[in-house]
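So you can see what is in the structure, the chains are spelled out below.
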Amino acid sequence: MDPSDEELVASVLGGDRHRYEVLVRRYFRAAYVIALAVTGHPEDAEDVCQDAFIRAYTRLPQCRAPDRFGAWLARIVRNRAHNYRRYQILRRMSSLDGIAPRATTESPAVRLDRARLRNRLLRALAKVSSIKRQVVLLHDLEGWTHGAIAHTLGISELMSRRHLSEARRSLRAILEGTTFRGDRYD
Amino acid sequence: MTDQPLNLTPLDPNEDPPLEDRVVRAIMAQLETEAAWTDRATLMTGVRSLASPVWIAAGLIACVAGGVLLREPSAPPRKGPQTIAESLGLPRAVAAWMASESRAPEGSAGTGGRQ
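Thresholds applied
Residues numbered from 1 in each chain as written. Chains lettered and ligands numbered in written order. Predicted model: local features only at pLDDT ≥ 70, side-chain atom pairs only at ≥ 80, totals over all residues. Heavy atoms only, no water. Helix = DSSP H or I, 4+ residues; strand = E, 2+ residues; numbered from the N terminus. Buried < 20%, exposed > 50% of the residue type's maximum accessible area, 1.4 Å probe, protein only. Contact = heavy atoms within 4.5 Å. Buried area = accessible area lost by both parts, 1.4 Å probe. Salt bridge = Lys/Arg side-chain N within 4 Å of Asp/Glu carboxyl O. Polar contact = N/O pair within 3.5 Å; in protein donor to acceptor, adjacent residues only side chain to side chain. Nonpolar A, V, L, I, M, F, W, Y, C, P; charged D, E, K, R; others polar. Patch = residues over 30% accessible without salt bridge, like charges linked within 9 Å, V, L, I, M, F, W, Y side chains within 5 Å. Areas by Shrake-Rupley, 256 points an atom, 1.4 Å probe, with all protein chains shown as cover. Core = buried A, V, L, I, M, F, W, Y, C linked by side-chain atoms within 4.5 Å.

Participant: Explanation requested: the overall build of chain A in the structure shown.
Facilitator: A count of helices and strands for chain A gives eight helices and two strands. Listing each helix as α and each strand as β along chain A from the N terminus yields α-α-α-α-α-α-α-α-β-β. Residue burial in chain A is summarised as follows: out of 186 residues, 46% are buried. In chain A, of all internal contacts separated by at least 6 residues, the share reaching a separation of at least 24 is 65%.

Spelled out as structure tokens, the structure:
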């Protein structure tokens with residue numbers, strides 16, 4: 001049986017910092033998706049994730065409800081991502097164009113295909129508000145409930161549902177004429 | 001129907017398998033580095049605390065007290081009766097002089113006649 005968040009937090013606070021890796025792996029996807037929703041850049045999301053997990057570690061004694069580590073971490077990720085985004089906007093004033101995936105072991109063709117699909121979605125997501133991006137990514141990609149999204153983003157469940165519905169409608173309109181067939185939008 | 005979930009799998013971080021490992025490794029490496037710095041800082045703080053004025057004063061007192069306790073006595077304690085002057089810690093020569101002075105009135109009775 002996997003240890004609970006509370007047990008892991010207690011272990012880390014007790015000096016076993018290697019147990020933090022379990023928490024990192026458990027919440028990496030959610031943290032990445034939130035960071036991606038806010039920054040709009042996969043590479044920035046990666047940097048934000050790293051920064052947020054380090055910050056969460058240093059502030060772990062301040063985590064008042066270790067059993068809700070995920071929600072606490074998500075708030076840190078959001079704050080870091082917003083700060084990062086503001087900094088990046090000032091620094092490079094760039095758009096979502098020109099995103100290139102980092103080097104992997106995949107073939108160039110597969111990598112290019114994935115980058116094309118990702119860019120298409122990211123461009124569409126860039127046209128909806130940050131809060132809608134977060135809701136739609138957390139719900140449709142991460143499978144979070146509206147209750148969890150509402151708690152993490154500090155909105156009501158009703159607003160979460162509304163944002164999701166509007167985000168889907170907007171994204172479908174933007175991607176109009178494209179269909180997802182197996183592994184690509186055409 | 002427009003309210004069906006969107007297929008956002010191209011954005012799934014699991015689509016890039018090395019991504020998670022790369023980020024997790026980077027995080028844990030940074031934590032190790034920071035932990036090493038913290039341990040070193042804690043050690044230095046402990047050493048610095050020993051150099052506080054209170055500890056310095058306590059060390060000096062301990063040194064002085066130890067030196068006094070270990071010092072060899074300069075002269076063996078005298079046995080036998082001591083005069084009041086010796087009991088007060090006055091040098092032996094002074095004590096002897098005072099003793100002779102206290103005996104003087106008997107020896108110089110003849111001089112007292114000079115008026």
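Participant: Would you take a moment to explain the environment of Asp67 of chain A for this structure?
Facilitator: Along the chain, Asp67 of chain A turns up in the loop between helix H3 (42-58) and helix H4 (69-92). Counting along the chain gives 59 residues from Asp67 of chain A to Leu8 of chain A, while the straight-line C-alpha distance between them is 9.4 Å.

Participant: What am I meant to see in the interface of chain B and chain A here?
Facilitator: For interface size, the figure often reported is the accessible area lost on association. Facing 29 residues of chain B, the contacting portion of chain A comprises 38 residues. Summed over both partners, the interface of chain B with chain A comes to about 3400 Å²; 64% of that surface belongs to carbon and sulfur atoms. If you sort the residues of chain B by the area they bury against chain A, Leu6, Leu8 and Leu11 of chain B come out on top, with a joint share of 20%. Joining chain B to chain A, the criterion identifies five salt bridges. In this structure, the salt-bridge partner of Asp21 of chain B is Arg25 of chain A, at a minimum N-O distance of 3.0 Å. Our count for the chain B to chain A interface comes out at eight residue pairs in polar contact (both at pLDDT 80 or more). Counted by class, the side of chain B that touches chain A contains 14 nonpolar, six polar and nine charged residues.

Participant: Mind showing me how you'd approach a nonpolar patch on the surface here?
Facilitator: All names here are of chain B. A cluster of nonpolar residues, Ile84, Leu88, Leu90, Val94, Trp97 and Met98, forms a patch on the protein surface that exposes about 630 Å² of accessible area. By residue number, the principal contributor to the nonpolar patch is helix H4 (residues 92-107), which donates three residues. Here Leu90 is to be found in the loop between helix H3 (84-87) and H4. Judged by its relative accessible area of 36%, Leu90 is partly exposed.

Participant: Which parts of the structure should I look at to understand the nonpolar core?
Facilitator: By size, the foremost hydrophobic cluster in this structure holds 60 residues, and its most contacted members are Tyr20, Phe53, Phe69, Val136 and Leu137 of chain A. When residues in this core are grouped by element, the largest group, 14 residues, is from helix H2 (residues 20-39) of chain A. Leaving out residues up to four positions away in the same chain, Phe53 of chain A has contacts with Tyr20, Leu23, Val24, Tyr27, Phe28, Ala31 and Leu73 of chain A together with Ile27 of chain B.

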